[in-house]
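Tertiary structure, described
Residue strings, one per chain:
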Amino acid sequence: MSSKDAPPPLPEPLGVPVADSHTHLDMQSGTVEEALTKAAAVGVDTVVQVGCDLKGSHWAAETAARFANVHAAVALHPNEAPRIVLGDPDGWSRQGGREAGGDAALDEALAEIDALAALDHVKAVGETGLDHFRTGPEGRAAQERSFRAHIEIAKRHGKALVIHDREAHADVLRVLAEEGAPERTVFHCYSGDAEMARVCADAGYFMSFAGNVTFKNAQPLRDALAVAPRELILVETDAPFLTPAPYRGRPNAPYLIPITVRAMAEVKGVDEDTLAAAIADNTARAFGY
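Let me begin by describing the structure that accompanies this report. In this text, all values refer to a predicted model and were calculated from it rather than measured experimentally. (Residues numbered from 1 in each chain as written. Predicted model: local features only at pLDDT ≥ 70, side-chain atom pairs only at ≥ 80, totals over all residues. Heavy atoms only, no water.)

It is the contact of helix 5 (residues 140–157) with helix 6 (residues 169–179), at a shortest axis distance of 11 Å, that shows an interaxial angle of 45°. With respect to each other, helix 5 and helix 6 are oriented oblique. Our pair here, helix 5 against helix 6, has a crossing hand that is right-handed. Judged by residue contacts, Glu-144, Phe-147, Arg-148, Ile-151 and Lys-155 of helix 5 engage Val-172, Arg-174, Val-175, Leu-176, Glu-178 and Glu-179 from helix 6. For the contact of helix 5 with helix 6, the residue count by class is five nonpolar, no polar and six charged. (Axes fitted to C-alpha atoms, helices over the stretch in contact; angles between N-to-C directions. Helix = DSSP H or I, 4+ residues; strand = E, 2+ residues; numbered from the N terminus. Parallel < 35°, antiparallel > 145°, perpendicular 65-115°, else oblique. Left-handed = near helix turned anticlockwise from the far one by under 90°. Contact = heavy atoms within 4.5 Å. Nonpolar A, V, L, I, M, F, W, Y, C, P; charged D, E, K, R; others polar.)

Sheet architecture is open: eight strands sit in the order 1-2-3-4-5-6-7-8, paired in parallel fashion. Edge positions in the sheet fall to strand 1 (18–23) and strand 8 (233–235), since each of these pairs with one other strand and no more. The sheet shows a mean angle of 30° between the axes of neighbouring strands, taken without regard to direction. Where strand 2 (residues 44–50) and strand 3 (residues 70–74) come together, four bridges link them in parallel fashion. Residue pairing across strands places Val-50 opposite Ala-73, the latter belonging to strand 3. (Pairing = 2+ DSSP bridges.)

Below, the structure is given as structure tokens:
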């Protein structure tokens, strides 16, 4: 194993335990048990496992049913919706090549998400939203239709909404305003600037910060964190992606949360225990556990 593929070492444990509000255990190496044991050893006592497609959403729900400290979020990722409707000849996603299924196929998939969202251990509908980075103009209608449907599902079941917003800030905020956001709405891997953080704060949206807040070029993200109210801040790994510095490029996992919490505490000008206690409380409130 080259050093680039090697898992980073365990950080110093946090004094106050927190939750990883967004992780993909199904894309990480090792077992769920191993991931949770390593996380618990450093003060990460709860994780929210997030589905991105039907298979991943079923897996998230099953895993949350098996482990008391795993909560599930279920959805079709914004990039999954156009693949269902328009087809995925390159097999870019984990399903391999797919034929175009049209709106009927999207409706069928959404009905499955709806059924999963009714389960007790499924605490959120997500990650859903808009992605103008990976999906071109031809896929945007499918993406937006899917996003609106997920908002409706979250509200009907009284679940949190977890948003994926990539290079689509204005459109995401527009759709939320048009549909009426669920009572609890989380911007996962918050990527907006300080101005957008003020808009989110006014609306009462939670902002979840990932390892990229530690990156050298991420000053706008730190500026956003600086203005985000303490009672609306969450932390996440989005593992196996977005590993915090100095381990950028190596595999991420929930046990690396303390690195991000410490960087966030520095930006907020508070001690890590104070921030960790706020994050733990916020995450439980956001996801209703």
